[in-house]
Structures are given as structure tokens and as C-alpha cells.
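What follows is each chain in one-letter form.
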Amino acid sequence: MNFKKLSAVCLSVLLTFSVAGCGSKKEAEKKEITVYTSIESEYIPAYKEAFNKKYPDIEVNIVRDSTGVITAKLLAEKDNPQADVIWGLAASSCLILDGEKVLAEYKPQGIEKIDKRFVDSKNEIPHWVGTCLWFGIISANEEEGKSKNLPMPESFEDLIKPEYKGQIVMPNPGSSGTGYLLVSSWIKSMGEEKAWKYMDELHKNIKSYVHSGSAPTKTTATGEQFLGLGMDFESLRMQKNNPQLKTIFTKEDFGWDAEVNALVNKKEIKEEAKLFLDWAISKEAMDAYSVNRGLITYEGMDSKVEGYPQNVKERLLKLDLSWMAENRSRIINEWTKRYGSSNN
């Protein structure tokens, strides 16, 4: 091989390694995180856009499902975590995950602006931080009620009346955080024995139990049944565009849970995950949440959702989130044994 040909081959080899090296460098510089969430699908794009407006070079891979499914997935993966961040999962579920060492400690920037009642106080450095609260309500389709000559219920206690047989859809507490919130709240407010008797009677009136916490309100709005048990903010939000839908704030005080964020405990924790958690409790993020959520944990910030009673914050039940977490499996197993094998 003459000198010119040898030089050409060498140059070609050098260019090949150079291009390969540049590709590897680009791959190494790629920033992405995997976020597990139970936030409603329709809200996520706007939140994600807000985050990427601040951090355009971080790709956020969202894995979204109901509370129960996300919780089970994180527990199944605890020895080989796939997620970097938990975002907007029920506090009662995150306490279970924390007990299984799924969560890592992290104190996000701006935490001093968050109501201390909704920040992990068990650990010196918090393992979770709350962003929003939600509670259980009754959604009613006024047109369906009139066509069937059915009165509007005013309380959960009313729902066991025989005239509501086959008229109620409720989220399954095994898969839905809202479903578990309802069941655990009844137990805490009524006492366990009375609550199970109540649910035995309620079961006689249930049309179906569904996977999602928002589904009962959506199907109530479309007239598939008269009543749906669901979430405060979802019902009020849908009520704006569905005049036949009415949100009933029950006579009973409101059982609630908090949506919280957390860092997943894994060998390599990405700085981008911490940036996401900083952003997720920032004023900008909270302002975005307030368009859809009724009760925000950011001090001094009110919701933009209209229709809440003036005294709503004073009517929140005094709940023990640790009790809700510790008793979750027992309560869901008992509920499933009684009602979960069939739909009415």
C-alpha cells in the first residue's frame, strides 16, 4: 500500500472513531428521568410543558396509572428501581413505600413555603412533600334524578336508601386512592363495626366498582347513572362544562388524602430528579396545580377552582395518615372479600 492510500485509510479510521466518540458523548450528555404518577392524564401535558419551559434539556418519561397500580409497581421494583421520581401519589401510599425503603431523603428547595402539616415529619430530612389535598364527594346527574323521580342525597348516609339501588358507581379501593380514601374515612368517622355495616348496605345500591377515581364522575356526567362517588376537584371541574352535573358536599366532614412527591431510593440518583422535585413544589408548579386542585399546600395560595364551601378547610376530618397506610392492606383485603368479587 502506497503512502497516499495508507494516509486515506488512517484518516477514515480516525474519522470513524471521532464520529463514534461524538455520538457517545451526545448519549452521555442526554438528560432524562422517569416519573411515576397517578395525576390525571389530562392534566399532565400542561404540567410537563411548564417544567420543560424551565428545563428544556431534561426529557421527562411519564408512567401514569391509578394509585394502587403505581404503588404495587414501585413495591415490585424496589430491589431494581426503574423510576427516579414519584409525583402526585397519595400520601397514604407513600407511607407504605417509605416503610419498604422505596423512598430516599431529599429536602427540595422552597420547602419552607409548604404547609408543615403536609411534609414528612417522621424523618429528619423529609422523604416526601405534599402538594395538594383532595377529598370524597358525591357527583349527581340532575337530569337523571328528575327523569327517575329521585331526590338528591345530602350525605353519604343517604346513599343506603333503597331508592338508590343500582344508581351508584364507586371507585374500587384496591386500585383507586379515592376509593381507599372513602372507605378509610368511613371507618375512622363511624368506627369499624358500624362502617362495615354501612358498606354492606351501600353495596346493595352499587351499580359497579371501577378502576379509576375520576371515572364515576365522568360517567355520571354522561348520564350512565344518577350518582358517582369521586373527587372534589374533578366534579367541580366537570360541572363547569356539564350543567346537568351537581357536586354534593356531604353533611359529614370530609375524609382526605394528600398528593405527595418523593425521590426514589436507588444506587444512582440523578441530579435531574432533584431539579424536578424542586420545581414540583415551586410557586410556578403550584400555580399550575391550582387550576385543577381545590386545596394547595403552598402557604398563602388559593385554588382557582370555584364552587367550594367557605368553611371547607375547617371541615376536614382529623385523619391519621400513618393509620391509613398501616391498615391499607387489611382494609382492602376485607373490602375485596366482601364486595370485590362481583359488580351489581
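Check the entry above for the structure.
Residues numbered from 1 in each chain as written. Predicted model: local features only at pLDDT ≥ 70, side-chain atom pairs only at ≥ 80, totals over all residues. Heavy atoms only, no water.

Asks: Looking at this model, I keep getting lost on the layout of surface pockets. Mind explaining?
Replies: If a probe as big as a water molecule is rolled over the atoms, it shows which places are left empty. Reported here for the largest pocket is a volume of approximately 510 Å³. Lining the largest pocket are 21 residues, and of these Leu95, Lys122, Leu321, Ser322 and Ala325 lie nearest its centre. (1 Å grid on protein atoms, 1.4 Å probe; cavity = no way out; pocket = protein on both sides within 12 Å on 5 of 7 lines; lining within 4 Å. Points joined across faces, edges and corners; volume = space filled by probe spheres on them.)

Asks: Is there a simple way to explain the nonpolar core in this structure?
Replies: A general tendency of soluble globular proteins is for nonpolar side chains to be buried together. Counting residues in hydrophobic clusters, the biggest one holds 102 residues, and the most contacted among them are Trp87, Phe135, Trp186, Met199, Phe276, Trp279 and Tyr289. Considering each element in turn, this core owes the most residues, eight residues, to strand 5 (residues 129-141). Sequence-distant contacts of Tyr289, that is, excluding residues within four places in its chain, are made with Tyr47, Trp87, Thr131, Cys132, Trp279, Ala280 and Ile296. (Core = buried A, V, L, I, M, F, W, Y, C linked by side-chain atoms within 4.5 Å. Buried < 20%, exposed > 50% of the residue type's maximum accessible area, 1.4 Å probe, protein only. Helix = DSSP H or I, 4+ residues; strand = E, 2+ residues; numbered from the N terminus. Contact = heavy atoms within 4.5 Å.)

Asks: Explain empty space enclosed by the protein to me, please; I cannot follow it from the model alone.
Replies: Counting across every chain of the model gives four cavities of 30 Å³ or more. For the largest cavity, the calculated volume is near 70 Å³. In terms of lining residues, the largest cavity is bounded by Ala104, Tyr106, Pro108, Pro126, His127, Trp128, Val129, Asn261, Ala262, Leu263, Leu277 and Ile281. Considering each element in turn, the lining of the largest cavity owes the most residues, three residues, to strand 10 (residues 256-264).

Asks: For this particular structure, what's the right way to read the pattern of salt bridges?
Replies: Side chains carrying opposite charge are able to pair once their charged atoms draw close together. Summed over all chains, the structure comprises 23 salt bridges. In this structure, the salt-bridge partner of Glu201 is Lys204, at a minimum N-O distance of 3.1 Å. Exposure remark for Lys204: the relative accessible area of 45% places this residue in the partly exposed category. (Salt bridge = Lys/Arg side-chain N within 4 Å of Asp/Glu carboxyl O.)

Asks: What exactly am I supposed to notice about the pairing of strand 8 (residues 227-231) here?
Replies: Looking along a regular strand, one sees side chains alternate from face to face of the sheet. Burial analysis of strand 8 places five of its five residues in the buried class, the great majority of the element. Of the strand pairs in this sheet, strand 5 and strand 8 are connected by five bridges, and their pairing is antiparallel. Its bridge partner lying in strand 8, Ser139 is registered against Gly228. The pairing of strand 6 (residues 168-171) with strand 8 spans two bridges and is parallel. When the bridges of strand 8 are listed, Ile168 appears paired with Leu227. (Pairing = 2+ DSSP bridges.)

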